[in-house]
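In case you want the letters, here they are:
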Amino acid sequence: MRMTAVVLMLGLLTAAGCRETDDSHRRSQYLMGTVVTITVAGLDRDDADRAMNAAFEEIRRLEGILTFFSEDSDLGRINAAAGERPVGVSAETIEVLAEARRISDRSGGAFDATIGPLVSLWGFEVKERFVPPKEEIERARTLVNWRNMAVDPELGTVRLERRGMKVDLGGIAKGYAADRAAETLRKHGVSRALVAVAGDIRAVGEKAVGVAWHVGIQHPREPGAVLGSLKIADRSVSTSGDYERYFIKDDVRYHHILDPATGRPAAASRSATVLAPTTTLSDALSTAAFVLGPEKGIALVRSVPGAEAIIVDREGRVHVTPGLAGKVEGLAS
Ligand code: ADP
Ligand code: MG
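Remember, predicted model here, so these are calculated numbers, not experimental data.

Engineer: Quick question: what am I supposed to make of the sheet that holds strand β3 (residues 87–88) here?
Structural biologist: Within a sheet, adjacent strands bond to each other through the backbone by hydrogen bonds, running parallel or antiparallel. Spatial ordering of the open sheet is given by β3-β5-β4, a layout of three strands whose pairing is antiparallel. Bordering the open sheet on either side are β3 and β4 (149–152), each of which pairs with just one other strand. The pairing of β3 with strand β5 (residues 157–160) spans two bridges and is classified as antiparallel. Across the sheet, the residue bridging to Val87 is Val158, located in β5. In the packing of helix α4 (residues 91–106) onto the sheet, the strands contacted are β4 and β5, and the crossing angle to β4 comes to about 130°.

Here it is in structure tokens:
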């Protein structure tokens, strides 16, 4: 299901990104559990290939550090030492966790990187899906609290205060990887590129002089259809939705974005798209805005300089920040 959504989205990206006959080169790799597509314009094939290889390599390296699924990753070691001791980690891990903490503060905990115990309980990563018993949801929920994650940039350590706590960077790591991949491309002489780590997208420069990159936003209920499209240059856009990883039981849709306040899938939105100066920010903010829903989500995004949002609420109504009014192409309502 997830694969299909990603491929459809990339199909839309392709359709939207290639309107001009162009000199761009595009390649995809499967990394961080999803499809990563990089498009480079304005370079010959060999130079573009070298740059793209380095960018894919950077994402692979970050995946090794930030994955939830390995005991040897920084995250695996932090989680294994929960309630026991601080763990020395890489500068990258400190950077992502410090940003995650800032967004947790700003969002009143709607975004919380210590969501791990709930993610494991709901088991969106395994085949057998079921609604966990209330008591178990409550028990996991008490372990989720970003204030109990101490990040020390000076010492380069992270400590989870309580046994059983778990950090999961699913809501921010893909955005961070997109930013780092964009930096790598720049170091390799690229000044026009689009990096898409699934729905976390970073535009480097414009596509061509005076021509922005076009990014289609997946419609949350019509597979393969766009809700609207955005033009971006030197900016990032991320979408969080309830249509990518979910199961339906007794007519209720259970999906992978959890509300730390209830311990259950957040119910206020169908999708949240956020534009921001970095993809780390757009990724985390889109998850937070999704959880908060249209009113609080729009208010949160408006409080962040350079950020804009499009939120589709649970009834399918579309809400946009004032800065985006009239700027989303093809948006019906
Ligand atoms: P996607 O991973 O589909 O791009 P998101 O960026 O919204 O979507 O991230 C969702 C992932 O983030 C979940 O799979 C989970 O790992 C994690 N997550 C779920 N709920 C939250 C939350 N409230 N705060 C932070 N991370 C979350
Ligand atoms: Mg996100």
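Engineer: Can you walk me through unusual backbone geometry in this structure?
Structural biologist: Negative phi characterises most residues that are not glycine, and trans characterises most peptide bonds. Although it is not a glycine, Asp234 sits at a positive phi angle of roughly 45°. Among the structural elements, Asp234 can be located in the loop between β9 (226–232) and β10 (236–241). Under the relative-accessibility criterion, Asp234 is labelled partly exposed at 41%. For Asp250, which is not glycine, the phi dihedral falls at a positive 45°. Here Asp250 lies in the loop between β11 (246–249) and β12 (252–255).

Engineer: So what exactly am I meant to see when it comes to the coordination of the magnesium ion (ligand 2) here?
Structural biologist: Six octahedral donors around a metal ideally sit at 90 or 180 degrees from one another, while four tetrahedral donors ideally sit at 109.5 degrees. In this structure, Asp283 (O), Asp283 (OD) and Thr287 (OG1) serve as the protein donors to the magnesium ion (ligand 2), at separations of 2.0 to 2.3 Å. Of this pair, Asp283 and Thr287 are both found in helix α8 (residues 279–302), four residues apart, which corresponds to roughly one turn of the helix. A relative accessible area of 3% means that Asp283 is categorised as buried. Taking the relative accessible area as the measure of exposure, Thr287 reaches 14% and is therefore buried.

Engineer: Before we go on, may I ask you to explain the site of ligand 1 in this structure?
Structural biologist: Every one of the 20 residues lining ligand 1 counts as a neighbour, but Lys174, Ser240, His256, Leu258 and Thr287 are closest to it. Glu244 is positioned such that a nitrogen or oxygen atom in its side chain is 3.3 Å from an oxygen atom of ligand 1. Interatomic distance of 2.8 Å between a backbone N/O atom of Leu258 and a nitrogen atom of ligand 1. Protein burial of ligand 1: of its 570 Å² of free accessible surface, 97% is covered by the chains. When residues of the shell around ligand 1 are assigned to their parent elements, the largest contribution, three residues, is made by α8. For the shell around ligand 1, a count of residues per class yields eight nonpolar, five polar and seven charged. Residue assignment places the shell around ligand 1 across two domains, with domain 1 (13–62 + 173–324) and domain 2 (74–160) each supplying three or more.

Engineer: Can you walk me through the environment of Ser269 in this structure?
Structural biologist: Following the sequence through the fold, Ser269 ends up in strand β15 (residues 269–276). Ser269 sits in the buried class, given a relative accessible area of 3%. A sequence separation of 226 residues divides Ser269 from Leu43, and the C-alpha atoms of the two residues are 41 Å apart. In terms of polar contacts, Ser269 uses its side chain to reach the backbone carbonyl oxygen of Phe290, at 2.8 Å.

Engineer: Explain the domain arrangement of the protein chain to me, please; I cannot follow it from the model alone.
Structural biologist: Note: interface size is frequently given as the accessible area lost on complex formation between the parts. Domain assignment breaks the protein chain into domain 1 (13–62 + 173–324) and domain 2 (74–160). Across the boundary between the two partners, domain 1 contributes 29 residues, which contact 24 residues of domain 2. Of all residues in domain 1, Phe247, Leu258 and Pro260 give up the largest surface area on contact with domain 2, accounting jointly for 26% of the area buried on that side. Where domain 1 packs against domain 2, one counts two salt bridges. At the junction of domain 1 and domain 2, the tally comes to five residue pairs in polar contact (both at pLDDT 80 or more).

Engineer: Explain the pairing of β9 to me, please; I cannot follow it from the model alone.
Structural biologist: Within a regular strand, the side chains alternate between the two sheet faces. Among the seven residues of β9, five are classified as buried, and the element is accordingly described as predominantly covered. Strand direction decides the pairing type here: strand β8 (residues 213–218) and β9, joined by six bridges, are antiparallel. Within the sheet, the bridge partner assigned to Gln218 lies in β9 and is Val226.

Engineer: What is the right way to look at the nonpolar core in this model?
Structural biologist: It is characteristic of soluble globular proteins that their nonpolar side chains tend to be buried jointly. By size, the foremost hydrophobic cluster in this structure holds 68 residues, and its most contacted members are Ile38, Ile78, Val167, Leu169 and Leu185. The element best represented in this core is α8, accounting for ten residues. When residues of this core are assigned to domains, at least three fall in each of domain 1 (13–62 + 173–324) and domain 2 (74–160). Excluding residues that lie within four positions of it along the chain, Ile38 makes contacts with His25, Arg26, Arg27, Met52, Ala55, Phe56, Leu185, Leu194 and Val195.

So, how was this worked out
Residues numbered from 1 in each chain as written. Chains lettered and ligands numbered in written order. Predicted model: local features only at pLDDT ≥ 70, side-chain atom pairs only at ≥ 80, totals over all residues. Heavy atoms only, no water. Pairing = 2+ DSSP bridges. Helix = DSSP H or I, 4+ residues; strand = E, 2+ residues; numbered from the N terminus. Contact = heavy atoms within 4.5 Å. Axes fitted to C-alpha atoms, helices over the stretch in contact; angles between N-to-C directions. Buried < 20%, exposed > 50% of the residue type's maximum accessible area, 1.4 Å probe, protein only. Donors = N, O, S within 2.8 Å, 3.2 Å for Na, K, Ca; no water. Near = heavy atom within 4 Å. Polar contact = N/O pair within 3.5 Å; in protein donor to acceptor, adjacent residues only side chain to side chain. Areas by Shrake-Rupley, 256 points an atom, 1.4 Å probe, with all protein chains shown as cover. Nonpolar A, V, L, I, M, F, W, Y, C, P; charged D, E, K, R; others polar. Domains from an automatic or database assignment. Buried area = accessible area lost by both parts, 1.4 Å probe. Salt bridge = Lys/Arg side-chain N within 4 Å of Asp/Glu carboxyl O. Core = buried A, V, L, I, M, F, W, Y, C linked by side-chain atoms within 4.5 Å.

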